[in-house]
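Residue-level structure breakdown
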Amino acid sequence: MNDSSPRFLQLDLPPWPSADFAEFGEIEAVPLSRIQALTSGYLSRNSVVIPHVTHHEEIDITAFEAFRKELVENTGVKVTLLPFLIKAVASLLARFPKFNASLDQSGKRLIMKKYFHIGVAVDTPSGLLVPVLRDCDRKTPMQLADELAGLSTRAREKGLPMKDMVGGCMSISSLGHIGGTAFTPIINAPEVAILGVTRSQWKPRMGAGGEVDWRLMLPVSLSYDHRVINGVDAARFAASIGAELDALK
């Protein structure tokens, strides 16, 4: 470690437990994939070093989802919620500049970025990859959908070079196509925030006249680096996602 590197925590931890698992039953030893082996160290470092806080929010997407479905019907192009979320997050980074920043190696300076690149977690047979979409503020949701589809296909079939996975300002991890109600995504250093998304659900809300009004609610989980971002700003960022989506209609 050179002199310019941050002083990481020196943890006095007990050794990892050693066990003969075959003593308890049949086993099979399967090596980690190359991607899993590479990312495990980064995930461990980020989880221990960054003081994570996760803010959970529900976003009303009832009107937006009606717009999205109508768009699909009119154009014949299947576009999911994710490209719109990418565009919304890029817009919010301009409004909340601390989310579009990174601590330098000394931990004493905040590097404020003037570009808007968004990483998107992609599940591949070899492990998780996070391709970065560049200049998302300058692209339409449809352009982002095409670009994301191409990057995702290459990631799953051939893998991606490192140049396609660096330089992100913030990342999105979407599990909405699978399920879930909330989770705590680990920040992808040197970024200072990551947005987790799970499956939208219809939920009852009280209407203006006291009647039950069913609304489509999107659960989001915003993990942030508490050294850079405070809870009030995180709550405002998460609560603004719905308005940014509606602005794209």
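The structure displayed is predicted, hence computed values, not measured ones. (Residues numbered from 1 in each chain as written. Predicted model: local features only at pLDDT ≥ 70, side-chain atom pairs only at ≥ 80, totals over all residues. Heavy atoms only, no water.)

Quick word on the UniProt feature "domain: 2-oxoacid dehydrogenase acyltransferase catalytic" (unreviewed entry) in the protein
So the rule is basically this: UniProt positions are given in the numbering used here, feature names are shortened, and annotations may be inferred rather than shown by experiment. Only DSSP runs of H or I covering at least 4 residues are called helices, and only runs of E covering at least 2 are called strands; the numbering of each starts at the N terminus.
The feature "domain: 2-oxoacid dehydrogenase acyltransferase catalytic" (unreviewed entry), as annotated in UniProt, sits at residues 26-242 in this numbering. Taken end to end, residues 26-242 is 34% helix and 26% strand, and its first and last C-alpha atoms sit 50 Å apart.

A few points about the side chain of Lys-87
So the rule is basically this: Classification of residues uses two cut-offs on accessible area relative to the type maximum, computed with a 1.4 Å probe and protein chains only: under 20% is buried, over 50% is exposed, and between them is partly exposed. When charges are counted, Lys and Arg contribute as positive and Asp and Glu as negative, whereas His and the chain ends are disregarded. Salt bridges, as used here, are contacts in which a Lys or Arg side-chain nitrogen is within 4 Å of a carboxyl oxygen on Asp or Glu. Contact definition: two residues touch when any of their heavy atoms are within 4.5 Å.
Mapped onto the fold, Lys-87 is located in helix 3 (residues 81-95). At 6.6 Å, Asp-137 is the nearest oppositely charged side chain to Lys-87, a buried residue that forms no salt bridge. If near-sequence neighbours (up to four positions away) are discounted, Lys-87 is found in contact with Cys-136, Asp-137, Arg-138, Lys-139, Pro-141, Leu-144 and Leu-248.

What about the pattern of salt bridges?
Going through the model one piece at a time under the given rule, you end up with twelve salt bridges. Across the pair Asp-164 and Lys-163 runs a salt bridge, and its minimum N-O distance is 3.4 Å. Two residues, Asp-225 and Arg-227, come together in a salt bridge whose shortest N-O distance is 2.7 Å. A residue is classified by how much of its surface remains accessible, and Arg-227, at 47% relative accessible area, is partly exposed. Each of Glu-58, Lys-203 and Arg-205 takes part in a single network of salt bridges with overlapping partners.

Some words on the side chain of Lys-113
The cut-off we apply is this: In protein, a polar contact means a hydrogen-donor-capable atom and an acceptor-capable atom, both N or O and within 3.5 Å, with residues adjacent in sequence counting only if both atoms are side-chain atoms; elsewhere, any N or O pair within 3.5 Å suffices.
Note on placement: Lys-113 falls in the loop between strand 3 (110-112) and strand 4 (118-120). No salt bridge is formed by the buried Lys-113, whose closest oppositely charged neighbour, Glu-191, lies at an N-O distance of 6.4 Å. Here Ser-102 takes part through its side chain, which lies 2.8 Å from a polar atom of the side chain of Lys-113. For Lys-113, the residues in contact, after removing those within four places along its chain, are Asn-100, Ala-101, Ser-102, Gly-168 and Cys-169.

Some details on the packing of helix 3 against helix 4 (residues 141-157)
Operational definition: Here the axes come from fitting lines to C-alpha atoms, over the contacting stretch only for helices, and the angles between their N-to-C directions go from 0 to 180 degrees. With the far helix as reference, a near helix turned anticlockwise by less than a right angle produces a left-handed crossing, and one turned clockwise produces a right-handed crossing.
As a packed pair, helix 3 and helix 4 sit with axes 8 Å apart at the nearest point and diverge in direction by 115 degrees. When the axes of helix 3 and helix 4 are compared, the crossing they make is right-handed. Of the residues in helix 4, those in contact with Leu-82, Pro-83, Phe-84, Ile-86 and Lys-87 of helix 3 are Pro-141, Leu-144, Ala-145 and Leu-148.

Re helix 4
Spelled out, the test is: The span you would expect from a helix comes to 1.5 Å times its residue count less one. Arc definition: it is the arc formed by the directions from the helix axis to the C-beta atoms.
Taking 1.5 Å of rise per residue, 17 residues should cover 24 Å, and helix 4 covers 24 Å from first to last C-alpha, within 8% of that figure. Within helix 4 the residues assigned to the buried category are Pro-141, Leu-144, Ala-145, Leu-148, Leu-151, Ser-152 and Ala-155. For helix 4, the arc enclosing every buried residue in end-on projection is 140 degrees, short of the 170-degree limit, so these residues lie on one face. When the buried face of helix 4 is taken as reference, the exposed residues oriented beyond 90 degrees from it are Asp-146 and Glu-157. Looking at the buried residues of helix 4, the elements they touch are helix 3, strand 4, strand 5 (122-124), strand 6 (127-129) and strand 7 (132-133).

Remarks on a nonpolar patch on the surface
Short version of the rule: Patch definition: residues above 30% relative accessible area lacking any salt bridge, with like charges linked at up to 9 Å and the nonpolar side chains Val, Leu, Ile, Met, Phe, Trp and Tyr linked at up to 5 Å. Only the protein chains shown count as covering a residue, and every accessible area follows the Shrake-Rupley method with a 1.4 Å probe.
Side chains of Leu-11, Leu-13 and Val-48 sit close together on the surface and give an oily, nonpolar patch of about 290 Å² of accessible area. Positionally, Val-48 belongs in helix 1 (residues 34-49).

Let's talk about the environment of Ile-118
For Ile-118, the location among the structural elements is in strand 4. Along the backbone, Ile-118 and Ile-86 are 32 residues apart, and their C-alpha atoms lie at a distance of 6.8 Å.

Examining helix 3
With 15 residues, helix 3 should cover 21 Å at 1.5 Å per step; its first-to-last C-alpha distance of 21 Å lies within 8% of that length. A large share of helix 3 lies buried, amounting to twelve of its 15 residues. Residues of helix 3 that are buried include every one of Leu-81, Leu-82, Pro-83, Phe-84, Leu-85, Ile-86, Lys-87, Ala-88, Val-89, Ala-90, Leu-92 and Leu-93, and no others.

A look at the pairing of strand 11 (residues 212-225)
Strand residues, when the strand is regular, have side chains that alternate between the two faces of the sheet. The condition is simple: At least two bridges found by DSSP between two strands is the condition for calling them paired.
Within strand 11, ten of the 14 residues are buried, which leaves the element mostly enclosed by the surrounding structure. Pairing of strand 1 (residues 52-60) with strand 11 involves nine bridges; the strand directions are antiparallel. Bridge pairing in strand 11 links His-52 to Asp-225. Direction of pairing for strand 9 (residues 193-197) relative to strand 11: antiparallel, over a ladder of five bridges. Note that in strand 11 the partner of Val-197 across the bridge is Val-220. Between strand 10 (residues 201-206) and strand 11, which follow one another and run antiparallel, lie five residues, and Gly-210 among them has a positive phi close to 90 degrees.

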